[in-house]
Amino acid sequence: MSAVSDRLPTFPWDKLEPYKKTAAAHPDGIVDLSVGTPVDPVPEPIQKALIAAADSPGYPTVWGTPELRDALTRWAERRLGARGVTHHHVLPVVGSKELVAWLPTQLGLGPGDTVAFPRLAYPTYEVGARLARAEFVAYDDPTELDPANLKLLWLNSPSNPTGRVLSKEELTRIVAWAREHGVLVLSDECYIELGWEADPVSVLHPDVNGGSYDGIVSVHSLSKRSNLAGYRAAFLAGDPAVLGPLLQIRKHGGMMTSAPTQAAVVAALGDDEHVRVQRERYAARRTALREALLGHGFRIEHSEASLYLWATRDESCWTTVAHLADRGILVAPGDFYGPAGENFVRVALTATDERVQAAVTRLTP
């Protein structure tokens, strides 16, 4: 076991503990804007679907019920503009983090193979490469990478942590380059329904992929759009030649979404109203926090989508973390997402209205 754990970096969130204690000592309590975990209720129709399926004594299937696969295909076509999506184009997974961490291993990657991800990125892309003993490289423009031995290219739009959105033209260019060099594209699109100043586009859109899913797979999560982080509900959509073998591997590994969760996902993907309501909540929190941070001397870059504000005072991120912790506000240091983030902090919109207002008050001169 130590041989495996030794391949991994120090769990970054442990470094925040002293600052969390400082923030928690504030007379009015902590405002935790560090981890993007939902705080709003699970929508009632989804809860009812989960409860109705509670009597599920048998093993669920890894591929999911036909009703679940129908829900996934319909949603991909309705919300992403995908065309011709069948059951063979979708695969439910046990939360997107599990998928990201274990995908290189499940694809059979190892020493001599390379995994690429954005310069500023969710740390689990690197963790997945390390678990597989593969090489890894961070990029600014993936088409400038050496394609030799590059087996897996992660895209992330909208980005965690920066909120940057890749345009349709950028996605089209990257997909064409990857196909030319035989590189599998995995597009992490978990925040695609949370665009504010941009309208995010999926790699599944025919304007991007030319009507073919060859060599492309997108990753989607219900954690943020539907407040289902506690349900561990996510799925893949794309190339059947990739998803078919993954399905067989995941069958052997018993990597199955619980039957009640599958029923809840069917309800969640069939209802757009709760997504609209949740978007309005986040939009209001975003406006309040953005104005307060700007008024406090911060500069905000990108942040045109997702659940974060990528903010800087042009100083070490840890100096900024300490500054805000003294005011009872906890944020994530930018270097958690790569050295390029050393002067930024990530501010999550996932706090209650009351806590967001508390942060605004503390940031206002």
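Provided above is the structure to which this section pertains.
So, here is what we can say about the structure in this document. (Residues numbered from 1 in each chain as written. Predicted model: local features only at pLDDT ≥ 70, side-chain atom pairs only at ≥ 80, totals over all residues. Heavy atoms only, no water.)

Moving on, we come to the sheet that holds strand β8 (residues 234-238). Taken together, the seven strands give an open sheet; going across it, the order is β2-β8-β7-β6-β5-β3-β4, and neighbouring strands pair in mixed fashion. Only two strands of the sheet have a single partner each, and these edge strands are β2 (90-93) and β4 (135-139). Each adjacent strand pair in this sheet contributes to an overall mean axis angle of 20 degrees, direction not counted. Set on the sheet, helix α6 (residues 124-131) makes contact with β3 (114-118), β4, β5 (150-156) and β6 (184-188); between it and β4 the angle comes to about 160 degrees. The sheet contacts of helix α9 (residues 240-253) involve β2, β6, β7 (216-221) and β8, and relative to β2 the element is tilted by about 40 degrees. (Pairing = 2+ DSSP bridges. Helix = DSSP H or I, 4+ residues; strand = E, 2+ residues; numbered from the N terminus. Axes fitted to C-alpha atoms, helices over the stretch in contact; angles between N-to-C directions. Contact = heavy atoms within 4.5 Å.)

Reading across from one edge, β9-β10-β13-β12 is the order of the four strands in this open sheet, with antiparallel pairing throughout. Each edge of the open sheet is held by one strand with a lone partner, namely β9 (299-301) and β12 (332-333). Taken together, the two bridges between β12 and strand β13 (residues 345-348) define a ladder with antiparallel strand orientation. Bridge pairing links Pro 333 to Val 345 in β13.

Bringing the pattern of salt bridges into the picture now. Per the stated rule, a full pass over the model turns up 22 salt bridges. Linking Arg 299 and Asp 314 is a salt bridge whose minimum nitrogen-to-oxygen distance equals 2.8 Å. Of this pair, Arg 299 sits in strand β9 while Asp 314 sits in the loop between β10 (308-312) and α12 (317-325), and the two are 15 residues apart along the sequence. Looking at Arg 299, the relative accessible area reads 34%, which means it is partly exposed. The network of salt bridges with common partners includes Asp 28, Glu 354, Arg 355 and Arg 362. (Salt bridge = Lys/Arg side-chain N within 4 Å of Asp/Glu carboxyl O. Buried < 20%, exposed > 50% of the residue type's maximum accessible area, 1.4 Å probe, protein only.)

This part takes up helix α5 (residues 96-106). Among the 11 residues that make up α5, eight are buried, leaving the element largely enclosed by the rest of the structure. Buried within α5 are the following residues: Ser 96, Glu 98, Leu 99, Val 100, Ala 101, Leu 103, Pro 104 and Gln 106. Following α5 by one or two positions, Gly 108 has its phi on the positive side, about 80 degrees.

For Ser 226, the location among the structural elements is in the loop between β7 and β8. On the accessibility criterion, Ser 226 (0% relative accessible area) is buried. Engagement of the side chain of Ser 226 in a polar contact is seen with the side chain of Arg 225, the distance being 2.8 Å. When near neighbours in sequence (up to four residues on either side) are disregarded, Ser 226 contacts Pro 43, Ile 46, Ala 268 and His 274. (Polar contact = N/O pair within 3.5 Å; in protein donor to acceptor, adjacent residues only side chain to side chain.)

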